[in-house]
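One letter stands for each residue in the lines below.
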Amino acid sequence: EYRPADIVALQALNRGEADPAQQKQVIDFVIRLSRNDGALYFPGETGRRDTDYALGRLFVGETIVSLLGINLSKLRSVPSEQP
């Protein structure tokens, strides 16, 4: 589910013009999209596909939340891999 303000913020971010509030709104929107109602296992004929899909969505959201919590001072002390 999305609101018009989510779309405006997402498009502003894509153009490189999002203000700080819009940037936060986009992160919140992406996390909201990647979560579900708590169901991670779906039985039945299409259950495996639905379960895999739900777990994939959850992985995206949890990865973003995890990266947002990283202590950057510790991260910067690790040599980076640059192409």
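It should be noted that the structure appears before, not after, this text.
These figures come from a predicted structure and were not determined experimentally.

Each value, and the rule that gives it
Residues numbered from 1 in each chain as written. Predicted model: local features only at pLDDT ≥ 70, side-chain atom pairs only at ≥ 80, totals over all residues. Heavy atoms only, no water. Helix = DSSP H or I, 4+ residues; strand = E, 2+ residues; numbered from the N terminus. Buried < 20%, exposed > 50% of the residue type's maximum accessible area, 1.4 Å probe, protein only. Contact = heavy atoms within 4.5 Å. Salt bridge = Lys/Arg side-chain N within 4 Å of Asp/Glu carboxyl O.

Observations concerning the overall build of the protein chain
Then comes step 1: When you go through the protein chain residue by residue, the secondary structure sums to four helices and zero strands.
Then comes step 2: Buried positions account for 17% of the 83 residues belonging to the protein chain.
Then comes step 3: For the protein chain, contacts bridging at least 24 residues in sequence account for 39% of all contacts bridging at least 6.

Quick notes on the pattern of salt bridges
Then comes step 1: According to the stated counting rule, one finds five salt bridges in the structure shown.
Then comes step 2: The shortest N-O distance in the salt bridge between Arg3 and Asp6 comes to 3.4 Å.
Then comes step 3: Put simply, Arg3, Asp6 and Arg32 are held in one network by salt bridges that share partners.

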